[in-house]
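Structural description and commentary
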Amino acid sequence: MLNKEDVLRSLPVEWPEVPMDDLVSSASHDSKKVLVVLDDDPTGTQTVHDIEVLTEWPVEALTEQFLKLPTCFFILTNSRSMIANKAALLVKDICRNLEAAAKTVPGISYTVVLRGDSTLRGHFPEEADAVVSVLGDMDAWIICPFFLQGGRYTIDDIHYVADSERLIPAGETEFAKDAAFGYTSSNLKQWVEEKTKGGILENQVSTISISLLRKEGPDAVCQLLCSLEKGSVCIVNAASERDMNVFAAGMIQAELQGKRFLCRTAASFVSARIGIKPKPPIRPNDLGLKRNLAGGLIVVGSYVPKTTKQVDKLRSQCAQSLRVIEVSVEMISLKSTEERDQEISRIVELGNAYIQSGRDTLVVTSRQLITGKTPEESLEINYKVSSALVEIVRRIDSRPRYILAKGGITSSDLATKALEARRAKVMGQALAGVPLWQLGPESRHPGVPYIVFPGNVGDNSALAEVVQNWACPSRSSTKELLLNAEKSGYAVGAFNVYNLEGIEAVIAAAEAEESPAILQVHPSSLKQGGVPLVACCIAAAERANVPITVHYDHGADKHDLLGALEMGFDSVMVDGSHLTLEENILYTKNISSLAHAEGMLVEAELGRLSGTEDGLTVEEYEARFTDIAQAEQFIDETGIDALAVCIGNVHGKYPPSGPNLRLDLLKELRALTMKKGVSLVLHGASGLPHELVKECIDLGVRKFNVNTEVRNSYLQSLKKPEKDLVQVMAS
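Residues numbered from 1 in each chain as written. Predicted model: local features only at pLDDT ≥ 70, side-chain atom pairs only at ≥ 80, totals over all residues. Heavy atoms only, no water.

**Considering the sheet that holds strand β9 (residues 166–169)**
As summarised here, the arrangement of the four strands in space is β1-β9-β8-β7, forming an open sheet in which the pairing is antiparallel. Single-partner strands in this sheet number two, and they are β1 (2–3) and β7 (152–155). As defined by bridge partners, β1 adjoins β9 across two bridges and the pair is classed as antiparallel. Across the sheet, the residue bridging to Leu 2 is Leu 167, located in β9. (Pairing = 2+ DSSP bridges. Helix = DSSP H or I, 4+ residues; strand = E, 2+ residues; numbered from the N terminus.)

**Some remarks on empty space enclosed by the protein**
In the structure shown here, the tally under the stated rule is two cavities of 30 Å³ or more. In this structure, the largest cavity occupies an estimated 60 Å³ of space. At the level of secondary structure, the elements contributing two or more residues to the lining of the largest cavity comprise β5 (109–115) and α5 (126–135). By residue class, the composition of the lining of the largest cavity is three nonpolar, three polar and four charged. As a volume, the second largest cavity reaches approximately 30 Å³. Around the second largest cavity, the lining residues are Leu 297, Val 393, Ile 396, Ser 398, Pro 400, Ile 403, Leu 419, Arg 444 and His 445. For the lining of the second largest cavity, the per-class residue count stands at six nonpolar, two polar and one charged. (1 Å grid on protein atoms, 1.4 Å probe; cavity = no way out; pocket = protein on both sides within 12 Å on 5 of 7 lines; lining within 4 Å. Points joined across faces, edges and corners; volume = space filled by probe spheres on them. Nonpolar A, V, L, I, M, F, W, Y, C, P; charged D, E, K, R; others polar.)

**Re the UniProt feature "domain: Four-carbon acid sugar kinase nucleotide binding" (unreviewed entry) in the chain**
Taking the UniProt record as the reference, the feature "domain: Four-carbon acid sugar kinase nucleotide binding" (unreviewed entry) is found at residues 297–463. Between the C-alpha atoms that bound residues 297–463 the distance is 13 Å, and the span itself is 43% helix and 24% strand. (UniProt positions renumbered as here; feature names shortened; annotations may be inferred.)

**Re the layout of surface pockets**
There is about 1,000 Å³ of room inside the largest pocket. Taken together, 35 residues line the largest pocket, and the ones lying closest to its centre are Asn 285, Leu 289, Lys 290, Arg 291 and Pro 473. Looking at the lining of the largest pocket, the elements that each hand over two or more residues are α16 (462–469) and α17 (478–488). The greatest single-element share of the lining of the largest pocket, amounting to five residues, is contributed by α17. Of the residues that constitute the lining of the largest pocket, the class distribution is 14 nonpolar, 11 polar and 10 charged. Counting the residues that make up the lining of the largest pocket, at least three belong to each of domain 2 (284–470) and domain 3 (481–729). For the second largest pocket, the calculated volume is near 850 Å³. As for the second largest pocket, its lining consists of 41 residues, and the residues nearest its centre are Arg 121, Asp 178, Tyr 303, Val 304 and Asn 382. (Domains from an automatic or database assignment.)

**What about the nonpolar core?**
If you look at the biggest cluster of nonpolar residues, it comprises 88 residues, and the most contacted ones within it are Ile 142, Leu 225, Phe 247, Trp 437 and Tyr 450. Ranked by residues supplied to this core, first place goes to helix α9 (residues 241–256) with eight residues. Apart from the residues lying within four places of it in its own chain, the contact partners of Phe 247 are Ile 142, Ile 208, Leu 213, Val 221, Leu 225, Val 236 and Phe 269. Residues Ile 538, Ala 541, Leu 682 and Val 701 belong to the second largest nonpolar core, which totals 60 residues. (Core = buried A, V, L, I, M, F, W, Y, C linked by side-chain atoms within 4.5 Å. Buried < 20%, exposed > 50% of the residue type's maximum accessible area, 1.4 Å probe, protein only. Contact = heavy atoms within 4.5 Å.)

**Comments concerning the packing of helix α3 (residues 59–67) against helix α4 (residues 84–103)**
Contact geometry for α3 and α4: axes closest at 8 Å, N-to-C directions at 55°. Classified by the angle between their axes, α3 and α4 sit oblique to one another. Handedness of the α3/α4 crossing: right-handed. Facing Val 59, Leu 62, Thr 63 and Phe 66 of α3, the residues of α4 in contact are Ile 94, Asn 97, Leu 98, Ala 100, Ala 101 and Ala 102. (Axes fitted to C-alpha atoms, helices over the stretch in contact; angles between N-to-C directions. Parallel < 35°, antiparallel > 145°, perpendicular 65-115°, else oblique. Left-handed = near helix turned anticlockwise from the far one by under 90°.)

**Some words on the pattern of salt bridges**
Scanning the entire structure with this criterion turns up 31 salt bridges. As a salt-bridge pair, Arg 166 and Asp 163 come within 2.7 Å of each other at their nearest N and O atoms. Judged by its relative accessible area of 37%, Asp 163 is partly exposed. The residue Arg 475 makes a salt bridge to Asp 570 at a minimum N-O spacing of 2.7 Å. On the criterion of sequence distance, the pair formed by Arg 475 in the loop between α16 and α17 and Asp 570 in the loop between α20 (558–564) and β23 (571–574) is long-range, its members being 95 residues apart. On the accessibility criterion, Asp 570 (15% relative accessible area) is buried. When salt bridges that share partners are traced, they join Asp 39, Asp 40, Asp 41, Arg 80 and Arg 115 into one network. (Salt bridge = Lys/Arg side-chain N within 4 Å of Asp/Glu carboxyl O.)

Written as structure tokens, this is what we have:
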């Protein structure tokens, strides 16, 4: 074992940046050469984005891909889950179809990459032999298992797996003990001899050293590749992405001179060869997904020790929010068909219930590894486990918020067999080395993000980190609602509620209109409903599939307001409109500082509305318009976020002649609040004609308060003859 930092520091300085864009353009567009990646499990897409993946390969589908003239596309073979002769037959079938498709597209050519595991597991040389048997001899086979995100380095021909700060020779890791693909050699020259059973000797294998990559650059790589005897095998050493770029640039130059290569590589080579620039990990907000309250589905089939450690960490870190269903491997692989079916049915029933209730659900195979006496028997057990997981996911009919599949075979089978995806698009990564797919419209859950989590990637907290990143997003704040309204030029309705039926009415209407809304609790309704009413509002807001927040309205009493600050409201209105300007400023400033410390938006009123609301009446002679000069002083000294203005609006009913709003004053107030970064609020929206509401929105109002209309509607519903209390509530 070596110290990683010491080894990397001892290497020569990297070659200067390579102009990959120009080279890739020359290869893919000028010479119409496409990189076709045969991926033995879906995790090979872990370094690319905006690339298509095919899970089926009829000639018509391949022709369609070639006609698009892409830089690259993937074909998911899942051949690592098969025995060697089946994998070889599959690769031959794909290559025959590629040849047939390429002949129908004038001028097209392609390079085949066998993307395999960065820890050297997979069907080598069987798949390479299969390609050559159809496409003919290559100038060289390229072996390049470097994968930075997974901590895989090849230095002086020895392949290493990073474990924290140590470099461990691959042959001494848990991966080398794989029941189906085990090996002993860490030196890649010796590994080739071991895997070919002496068919290719160690001294027949060529190498491209890090020294050549870093001191002599792409031209030297091209020269070395062009000098190889036909049918050679060449090892690529690499310890950085720049090393990969240098090699890829030299290989493209050799291809432009007519050389043909067959590459057996890990994921890093593909992104280097097609010049993909990395982008940050993707989160739900980046995809523009709507708030979804269903639980996520996490399916773990991988058995490598790293996965078991990651599952343990996930269970401990997410214990409160996660529901865990363990699948008995013994039951599904070694017991009778009846016992297997019972176990699958149990898991499906629980999975549906948990996902519907909004719980992220972990379906994980029991962690005791069961293997066969031979590699073939082990693969058969793996097949039974994988097919059971496929049936479980196929029978879970609740649509999850996202699906995460852990392990290469698991993620491939779930995508193709359980979810019936024939194609997918790689959107990017959910975490470094963890691909995120968008499944095709033909799949069972189109639009549901599909996270392909390799079994051997990430530290012990990586799985928990992804699940936490993709947890159900917390509901919006009132500040976010009003900022979004300002950006898009609309207003948010704020409706006073008094009981469960009122809360459900507001949320049902908001969901039907796909609109945000605010639930408002007036002091008089809080006096009747107490903390349970507020808790009910908050719980309903959390379960809504549109942004809903909870607001304390007309806080005219300091004692009541201080209590409201501790009840979980998202925002409060400090109502000092009955006070003198100086008293109002002092009162509002005091509450505002306390509310802001809790992350709450603060609304306040300047001027005074006439009318009656919840038993409080302000006579017409007491009402007063908002004064512009006072408003500027008020905003500056109180630090409020939203200003409720008085422009002729009233609480309760407008007179028979209708509302008479001072829109000229509203325009002046808008100019002031825009400058100050404060939202405009209009109380007394009940009874305002729709056209007048729209005009006020155009003049900058971002929140309307509605009470009387909803109360009247509620009272009218009680007059309908209903037979049962439930029907009264529904009405």
